[in-house]
Every structure is written in structure tokens, then in C-alpha cells.
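# Topology and contacts: notes
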Amino acid sequence: MLLIAMKKNRRPGFATRAIHDGQEPDPLTGAVNVPIYLTSTYVQQGIGENKGYEYSRVSSPTRARLEQNLASLEGGIAAPVFGSGMAAINAVVSMLKSGDHVVCGNDLYGGTPRRFNQVLSGFGLEFSYVDTSDADNIERALRKNTRMVYVETPTNPLMQLSDLAAISKVCRRKKAELVVDNTFMSPYFQQPLALGADMVIHSTTKFLNGHSDGLGGVVVCSRPEQAEKLAFLQKAAGAILSPFECWLLLRGVKTLAARMEVHDSNGRVVAEFLANHRKVSKVFYPGLPHHPHHELAKRQMSGFGSMITFETGSLKNANKMLKKLRVCSLAESLGGVETLISHPATMTHASVPEDYRAKLGITDGLVRISVGVEDIEDLIADLEMALLS
Ligand SMILES: Cc1ncc(COP(=O)(O)O)c(C=O)c1O
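About the thresholds
- Residues numbered from 1 in each chain as written.
- Predicted model: local features only at pLDDT ≥ 70, side-chain atom pairs only at ≥ 80, totals over all residues.
- Heavy atoms only, no water.
- Salt bridge = Lys/Arg side-chain N within 4 Å of Asp/Glu carboxyl O.
- Helix = DSSP H or I, 4+ residues; strand = E, 2+ residues; numbered from the N terminus.
- Buried < 20%, exposed > 50% of the residue type's maximum accessible area, 1.4 Å probe, protein only.
- Polar contact = N/O pair within 3.5 Å; in protein donor to acceptor, adjacent residues only side chain to side chain.
- Contact = heavy atoms within 4.5 Å.
- Near = heavy atom within 4 Å.
- Areas by Shrake-Rupley, 256 points an atom, 1.4 Å probe, with all protein chains shown as cover.
- 1 Å grid on protein atoms, 1.4 Å probe; cavity = no way out; pocket = protein on both sides within 12 Å on 5 of 7 lines; lining within 4 Å.
- Sits in = over half its atoms within 2 Å of the grid points.
- Patch = residues over 30% accessible without salt bridge, like charges linked within 9 Å, V, L, I, M, F, W, Y side chains within 5 Å.

Once that is clear, we can look at the pattern of salt bridges. Tallying each qualifying case throughout the model produces 14 salt bridges. Among the ionic pairs, Glu-295 bridges to Lys-298, the shortest N-O distance being 3.4 Å. With Glu-295 and Lys-298 both in helix α11 (residues 294-300) and 3 residues apart, the pair spans about one turn of that helix. Judged by its relative accessible area of 52%, Glu-295 is exposed. Connected through shared salt-bridge partners, Arg-172, Glu-177, Asp-198, Arg-223 and Glu-225 make up one network.

Structure (C-alpha cells):
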């Protein structure tokens, strides 16, 4: 916990914890930033005698500080980090065993079902996919061997919300663990553990890092046995985050609260602009009053974020518009300070079979935008010019 003097019984706020938890000055030198320990191994004083570190795949001081910080932000007890979001997702399902069943959302980041269906199902894990925006669908999909329910809210790219408190009640009753990918909202706007989730995943590559300069993933745990199992998987499978990328994340997370405020206010303006634009037929953004889960969004999240998906009508329209943009960058990924815009059908969701994409509503005209923190007037002018020309 924070070393700085705080008023009795008052937990420091989110922005303070982001800057100080795990980020205390270096005890050796007083450096205000956590040092990057670029070492693979550690000198031992004798057999079984060491200063808490033996080998960097197992643990590293820079990583330990980051894990402490992220656990604090999500309200968990531990937050083992991995080399990418996919490595974190893989670790969480590696906690299961052959024959176990997982109920998943049907509109996940494309790489997640790719891993589940094309790799892990070959090792005897079973996955089924349902629309998790209705908790009853989850209840119906549960089997005797269901051990986990895996949800993204909002979903990628259709921005559908799932009621985490309702789903967690179903999971408790049926003894399945609820895992939530909270990448789109970040812990600043949504705290799934407080709503009853058992574990939270992030691709830290996105808002937590915030600067598009490093990959990473984290699993935030609510119970010690999860933390133990995941620490074992860090050691046994080795998909850990390097000290340098841990440091980038420690630096990025310091401004998370400030960045998310601007992402959110820019996101609202862009969503409104798109919703009123004649060249855009549909906008998916939980902050818009017509969004089917707007009321849930207000209840479950403390902001609407900056992820917006919209319909341009065709692949041709989407491509024409994307080519014209000058401030927004056409690129995969999201959550950086720069506005990133992508085409789900050919980029993030290219690995989802075409007929399944069509069934879900991921059309060829759909465009997803991660609104950055640039001046809002410049973003609107860029979008206006690209849509009209
Ligand atoms: C919601 C979500 N979860 C997980 C991932 C995977 O993360 P990574 O690219 O860091 O492996 C992504 C990547 O785009 C994502 O959007």
C-alpha cells in the first residue's frame, strides 16, 4: 500500500494508486521511477539463500512492482503479467484440464476463439459460444463439466454489454468461474471483480499501456489459489513480460486516469457526430441513448470509453473513407493516445469464418474506431473530410 501519509481509513483514489502503488521510489537510490532490472539471473548467497529472486522467468523486481500496481487498480489480490493479451488468455484457460467446458461470449476479439477453437480444443477443452448480453443464455449453455464463463463487455467489435452482476450470480450457483476481458473499459471505468467476477483479463497492449509501444497481458485474481496457479504457469510455460515492457506499462499506467477522461469525452463527441452523419447508417456506442444496453452501461461502468463501431454500408465505402483519413491512423489495435481506426472483417476478425461474421452482424462496411486524446476539433474535421469526399 502507499507509503505516503494518508488520512486514516481513507483509501487513496484511483489516479493516486496508479501513480504510487507498486511505484514507490527505489529504496536503494531514491529514483522516483521503478528501475528496469535487465538481468536473467540473481546471485545467491548460499544454497537456498537469496534476496527473493532466483531467475527472471520465475520473478523479477520490475515485474513484481507492476503486478502490485495492476492488482491495486483492478481491486484484486494479484495480477500476474504475460507477454501479450493472448498469452494471458491462454494462461487462464490453461488452468483448466482436458474435458472441461467453457461458455464464451459469441462476439469476442477474433484471436480468442481462434486460440480456443484451433488450438485448445485439440487438447480436449470444450468451448461453446452464446450471446452473453442475456444471462439466461449462459444458464442454458452450462453443462455438468462447465468450469468457466468467459465474457467481454463491451464486446469487440459490436459493443454489446453483458450484465456482470447477473452473470456472476449464475456462475456462483453453478460453481463456474467468471472471467472478464476488461480491455475496452480499463479498470478506470469498469471493475468486474467488484461486480462478482472471479478473474479479470486485459490486453495491457491497449489502454493500460496507452502509448502503442509495448505488448502485454495480465490476469487479475480474486483468490490466492488462482494467483498460485498462474505464477506456476508463468514459470512452467514462460510466456512472461520482459522487464522493459513491464517498465513501459508502469510508466503508461501513471496517466491512465487522465487519459481515460479525455478518451471518454472525445469518444462521446465522435459517437454523437457519427450518429448524426448521413453517410453512417448505424453507430454502436453504449453512451448513445438508443444503444440497447445504455441503462446497463450507466449502471455498470463509470464512463462510456472511446471504442465506437459504425456502419459505412459496404467494403468500398469503408475503404474509401479509411484511405482519406489524415489524423486517424488505419491500424489494428486500440487504446493508444493516437486515434486508431480499423476494419474488423479484414483485420481483427479476419480469422472468424465469414458466415459466422455475417450471422453476428460483423459486416464488410463496419469500421471500428478507438478515439485517441488528440484535439477533438481535429478528429471531427478528419472524419468529416473522409466521410464526405
Ligand atoms: C479485447 C481484446 N482482448 C485481447 C486481445 C489480445 O491482446 P494482445 O494483442 O495483446 O495479444 C485483444 C487484441 O486486440 C483485444 O482487443
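A word on the side chain of His-343. Structurally, His-343 can be placed in the loop between β11 (340-342) and α13 (354-360). A polar contact of 2.6 Å, which involves the side chain of His-343, links it to the side chain of Thr-346. Beyond its immediate chain neighbours, meaning those up to four positions away, His-343 contacts Leu-315, Ala-318, Leu-322, Thr-348, Asp-364 and Leu-366.

Before going further, it helps to spend a moment on the site of the ligand. Around the ligand sit 14 residues in total, of which Gly-85, Met-86, Asp-181, Ser-203 and Thr-205 are the nearest. Between an oxygen atom of the ligand and a main-chain N or O atom of Met-86, the distance comes to 2.9 Å. Here an oxygen atom of the ligand sits 3.3 Å away from a polar atom, N or O, in the side chain of Asn-156. Contact with the protein chains hides 93% of the accessible area of the ligand, taken as 390 Å² for the molecule alone. One can see that the ligand is located within the largest pocket. Broken down by element, the shell around the ligand gets its largest block of residues, 3 residues, from helix α3 (residues 85-93).

There is a patch of nonpolar side chains on the surface, built from Ile-36, Leu-38 and Phe-244 and spanning about 300 Å² of accessible area. Looking at the element boundaries, Ile-36 is found in the loop between α1 (14-20) and α2 (61-74).

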